[in-house]
Amino acid sequence: MLRGKKILIGITGSIAAYKSVFLIRLLIKAGAEVKVIMTEAAIEFVSPLTYSTISKNPVLYKLSDEGSWSNHVMLGRWADLMLIAPLSANTLSKMAIGACDNLLLAVYLSATCPVMAAPAMDEDMWKHPAVQQNLAKLADYGNKILPVYNGELASGLSGPGRMAEPEEILQAIEDFLSGNQDKLKGKKILISAGPTYEPIDPIRFIGNRSSGKMGIALAKTCAEHGGEVTLVLGPSAEIVPKNIKVINVQTAAEMYEQCNKTFLKADLGIMCAAVADYTLANPSDTKIKKQEEGLTLELSQTNDILRSLGHNKKQDQVLVGFALETNNEVDNAKQKLASKKADMIILNSLNDTGAGFGTDTNKITIFDAKGGQIAFEQKSKAEVARDIVKTIIEYANY
């Protein structure tokens, strides 16, 4: 599948640089021609000799060497794909602002080919708002960002930040260059994410612990596959790439209205939001003062968004819902699938460590209306999003 393809690999200063040795072997075995560029920091981890031996091409890491100039313009035009793996936080920040102080950055800025990146860094660095903002900028520039894995890190900690495995990166390259990444091209996709806040008074509200991470990961993945994504998002501090249309809402009623309106023209709906089941019957217009006798709140049911969409969806529309359960998980998920008239229900359980609200990981089982059932191991939410979107594409035969 990669025979004759020209792949330019950028290596930055990260312990994950050793994985790129195995990746290059896989690319060569698949028939690709590989050239390697390194930053000088990367040389501290793996020697240029190793990469040149594996790739069968000289390795470049200086803009000039003994009077000879490395033609970064031609390198950027030579490749069918430029892959930066590992992508360190340092190089990420420079790419985000357009800095150009080494050969790799010069090639990146002058590349006319698509650019893909596989980040690698420690958990706290990965979670830092500046890093997440820089990743969003790269995605906005049109670069494809591969998800990181959750697992043991160089610091000895365990969490998100591991570079994708060579086999996963190879598959991503093959999918991208074969056009499989465009499976959702032309599809209008509605995704709901985050919590809803139901006001008690102008100061207080009833809410939940949803961060919106899972829904935003799904939105990013659908957009990477060519989908035209509209994200109806409850209150969330997560950063959303600019290529995703965002409709911000606060309450269940607002989310109900926007989802029903958007789904009319959608091909696919993924209801991932943690919508309140109850809202205040009569919220106060002024701050409620503390009372000696306590406070009783009268609640009323909110409209069921998934049920509304399921009972009104057209034959050519696909509808996916989520079920977060604490007991009788499988029975409840199957019952929800039938009663809401959805095509697919994604079950996660608060009984599973690393699943649920606020975490960077999730563990899911997917049930579909054709009787299918697929269980997945715990993974990062970015990886879970890829599993979900792949399953939807296969189910809907997109």
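Look up: the structure comes first, before these words.
None of these values were measured; they are calculated from a predicted model. (Residues numbered from 1 in each chain as written. Predicted model: local features only at pLDDT ≥ 70, side-chain atom pairs only at ≥ 80, totals over all residues. Heavy atoms only, no water.)

A look at the overall build of the protein
Within the protein, the secondary structure is distributed over 13 helices and 24 strands. In the protein, which comprises 398 residues, the share counted as buried stands at 52%. The contacts in the protein between residues at least 6 apart in sequence include a share of 68% that link residues at least 24 apart. For the protein, the exposed surface amounts to about 19,100 Å²; the carbon and sulfur share of it is 48%. In the protein, 43 side chains carry a positive charge and 44 a negative one; their mean positions are 5 Å apart. (Helix = DSSP H or I, 4+ residues; strand = E, 2+ residues; numbered from the N terminus. Buried < 20%, exposed > 50% of the residue type's maximum accessible area, 1.4 Å probe, protein only. Contact = heavy atoms within 4.5 Å. Areas by Shrake-Rupley, 256 points an atom, 1.4 Å probe, with all protein chains shown as cover. Lys, Arg positive; Asp, Glu negative; His and termini not counted. Charge placed at Lys NZ, Arg CZ, Asp CG, Glu CD.)

Examining a nonpolar patch on the surface
Taken together, Ile15, Tyr18, Phe22 and Phe45 make up a surface patch of nonpolar side chains, about 430 Å² in accessible area. Looking at the secondary structure, you find Ile15 in the loop between strand 1 (6-11) and helix 1 (17-29). (Patch = residues over 30% accessible without salt bridge, like charges linked within 9 Å, V, L, I, M, F, W, Y side chains within 5 Å. Salt bridge = Lys/Arg side-chain N within 4 Å of Asp/Glu carboxyl O.)

Digging into helix 5 (residues 103-110)
Within helix 5, 7 of the 8 residues are buried, which leaves it mostly tucked inside the rest of the structure. By the N-cap criterion, in which a side-chain oxygen at the helix start approaches the backbone nitrogen of a residue two or three places on, helix 5 is capped by Asn102, the distance to Leu104 being 3.2 Å. (Polar contact = N/O pair within 3.5 Å; in protein donor to acceptor, adjacent residues only side chain to side chain.)

A look at the sheet that holds strand 6 (residues 81-87)
Pairing is parallel in the open sheet, where 6 strands are placed in the order 3-2-1-6-7-8. Strands with a single pairing partner mark the edges of an open sheet, and in this sheet they are strand 3 (59-60) and strand 8 (144-145). Two elements, strand 1 and strand 6, share 4 bridges in a ladder whose sense is parallel. From the neighbouring strand, Gly10 faces strand 6, where its bridge partner is Ile84. (Pairing = 2+ DSSP bridges.)

Here's the deal with the environment of Asp368
Within the secondary structure, Asp368 is located in strand 22 (residues 365-368). When the C-alpha positions of Asp368 and Lys334 are compared, they lie 8.7 Å apart, and in sequence the two are 34 residues distant. When neighbours within four sequence positions are excluded, Asp368 is seen to be in contact with Leu337, Asp343, Met344 and Tyr395. There is a polar contact of 2.9 Å between the side chain of Asp368 and the backbone nitrogen of Gly372.

Some words on the nonpolar core
Formed by 35 residues in total, the largest nonpolar core has its most connected members in Ile191, Met214, Leu218, Leu231, Ile270 and Ile388. Looking at this core, the elements that each hand over two or more residues are strand 11 (188-193), helix 9 (213-224), strand 14 (228-233), strand 16 (268-271), strand 19 (318-325), strand 20 (344-349) and helix 13 (381-396). Excluding residues that lie within four positions of it along the chain, Leu218 makes contacts with Ile191, Ile270, Cys272, Phe322, Ala385, Ile388 and Val389. Within the second largest apolar cluster, 34 residues are counted, among which are Val21, Ile24, Ile54 and Leu83. (Core = buried A, V, L, I, M, F, W, Y, C linked by side-chain atoms within 4.5 Å.)

Concerning the packing of aromatic side chains
In this structure the tally under the stated criterion is 1 aromatic pair. When the ring centre of Trp78 is taken as reference, the NZ or CZ atom of Lys35 above it lies at 4.6 Å. Directly above the ring of Tyr395 sits Lys370, whose terminal nitrogen or CZ lies 4.3 Å from the centroid. (Phe/Tyr/Trp six-rings, centres within 6.5 Å; stacked < 30°, edge-to-face > 60°. Lys NZ or Arg CZ within 6 Å of the ring centre and 35° of its normal.)

Here we look at the sheet that holds strand 19
Pairing between sheet strands relies on hydrogen bonds along the backbone, with the strands arranged either parallel or antiparallel. Pairing is mixed in the open sheet, where 8 strands are placed in the order 15-14-11-16-19-20-22-23. Two strands close off the open sheet at either side, each with one partner strand: strand 15 (245-248) and strand 23 (373-375). Across this sheet, the average inter-strand angle for adjacent strands is 15°, counted without regard to direction. In the packing of helix 9 onto the sheet, contacts are made with strand 11, strand 14, strand 16 and strand 19, and the angle to strand 11 comes to roughly 165°. (Axes fitted to C-alpha atoms, helices over the stretch in contact; angles between N-to-C directions.)

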